[in-house]
Amino acid sequence: MTATTGENRAGTGAPSEQVLLVEDRDAVRVLTLNRPHKRNALNTALTRALDDALTAADRDPDVRAVVLTGNGRGFCAGADLSEFSALTPDNPEAVLERADLTARLQTRMQRMGVPVVAAVRGAAVGGGAGLAIGADMTVAGTDLKFGYPELRHSIVPALVMTGLQRQLGRKLAFEMISTGRLLTAAEAAEQGLVNRVVEPDEVVPAAMEIARQWAAVEPRAIRAAKDLFYRVADLPTEAAMRAGQDVNALMRGFRR
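The structure presented is a predicted model; accordingly, all values stated were derived computationally and were not measured.

## Topic: the overall build of the protein
Of regular secondary structure, the protein possesses nine helices and 10 strands. For the protein, long-range pairs separated by at least 24 residues make up 64% of all intrachain contacts whose partners lie at least 6 apart in sequence.

## Observations regarding the sheet that holds strand β6 (residues 123–125)
Strand order in this open sheet of three strands is β6-β8-β9, and the pairing throughout is mixed. Either end of the sheet is taken by a strand with one partner, and the two such strands are β6 and β9 (182–183). Across three bridges, β6 lies against strand β8 (residues 145–147) in parallel orientation. Bridged to Val-125 within β8 is Gly-147.

## Some details on the packing of aromatic side chains
Applying the stated criterion across every chain, the model contains two aromatic pairs. On the basis of an interplanar angle of 90° and a centroid distance of 5.0 Å, the ring pair of Phe-229 and Tyr-230 is categorised as edge-to-face. Relative accessible area serves as the criterion here: at 56%, Phe-229 is assigned to the exposed category.

## Here we look at the pattern of salt bridges
What the rule picks out here adds up to 16 salt bridges. In this structure, Asp-60 and Arg-29 form a salt bridge, with 3.0 Å as the shortest nitrogen-oxygen distance. Of this pair, Asp-60 sits in the loop between α1 (44–59) and β4 (65–70) while Arg-29 sits in strand β3 (residues 28–33), and the two are 31 residues apart along the sequence. Put simply, Glu-187 and Arg-181 hold a salt bridge, and the shortest N to O gap is 3.2 Å. Classification of Glu-187 as partly exposed rests on a relative accessible area of 25%. Connected via shared salt-bridge partners are Asp-51, Asp-100, Arg-104 and Arg-108.

## Quick look at α1
One turn of the α-helix equals 3.6 residues, which is why residues spaced by three or four share an orientation. Along its 16 residues, α1 runs 23 Å from first to last C-alpha, staying within 8% of the 22 Å computed at 1.5 Å per residue. For α1, the full list of buried residues reads Ala-45, Leu-46, Thr-47, Ala-49, Leu-50, Asp-51, Ala-53, Leu-54, Thr-55, Ala-57 and Asp-58.

## Focus: the nonpolar core
Ranked by size, the top nonpolar core spans 46 residues in total, and within it Leu-20 and Phe-146 carry the most contacts. In terms of residues, this core owes the most to one element, α1, which gives six residues. When neighbours within four sequence positions are excluded, Phe-146 is seen to be in contact with Ala-124, Ala-129, Ala-132, Ile-133, Met-176, Arg-181, Leu-182, Leu-183 and Leu-193. Counting 17 residues, the second largest nonpolar core, distinct from the first, contains Ala-119, Val-198, Ala-215 and Ile-222.

Criteria and cut-off values
Residues numbered from 1 in each chain as written. Predicted model: local features only at pLDDT ≥ 70, side-chain atom pairs only at ≥ 80, totals over all residues. Heavy atoms only, no water. Helix = DSSP H or I, 4+ residues; strand = E, 2+ residues; numbered from the N terminus. Contact = heavy atoms within 4.5 Å. Pairing = 2+ DSSP bridges. Phe/Tyr/Trp six-rings, centres within 6.5 Å; stacked < 30°, edge-to-face > 60°. Buried < 20%, exposed > 50% of the residue type's maximum accessible area, 1.4 Å probe, protein only. Salt bridge = Lys/Arg side-chain N within 4 Å of Asp/Glu carboxyl O. Expected span 1.5 Å × (residues − 1). Core = buried A, V, L, I, M, F, W, Y, C linked by side-chain atoms within 4.5 Å.

In structure tokens form, the structure reads like this:
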């Protein structure tokens, strides 16, 4: 199955831009950000489409893994700054709605039961960097440019800062948000931000290899493992061990 998700011209019902491509490859769903002329910048339409598509993938019993990638030479350039002129204190409802949507998207993948691998080449900055490290695993091309240059545009990387803080040491994280320093693929791998580095044209095949390994696992087991993995990260040791004991008992019913 191949599908597209996009926004419509006002009053016509015709798609003016198919912002997200959706394709099923057996039990793996591939989601492709599709605004290459904007370096896949996250406007409201793409942000909403991706959030909805991730939710749909998690609810589909035929989907056992997700690959997230971007069309063109870059993964995602972050927020689409052209929309910011309408997101001002004079329009507080729009500001809050967009902030809520962005916050949901930045945490969506780790709240899913289905595992997600990001296939990232070229620029992954701002919100795009947040998506790259928000996935459960990340494959990066050797051309990766990863970072948070928002302050150069007088914007605070507020909604992506939590993910960065939890993935990276504080000194380097602060350097990145305060100076706009971009990491190379080798530096990102050294810091544990990506799992594999491959040639740019190989990011999707490498991600598909990981996704197919996930798809071969009993789906209830991988959902339980993923849920426990993220839950114990925020729990004290005693509570984390109790959560592990609960899943240990539950998993006895997973064996085929």
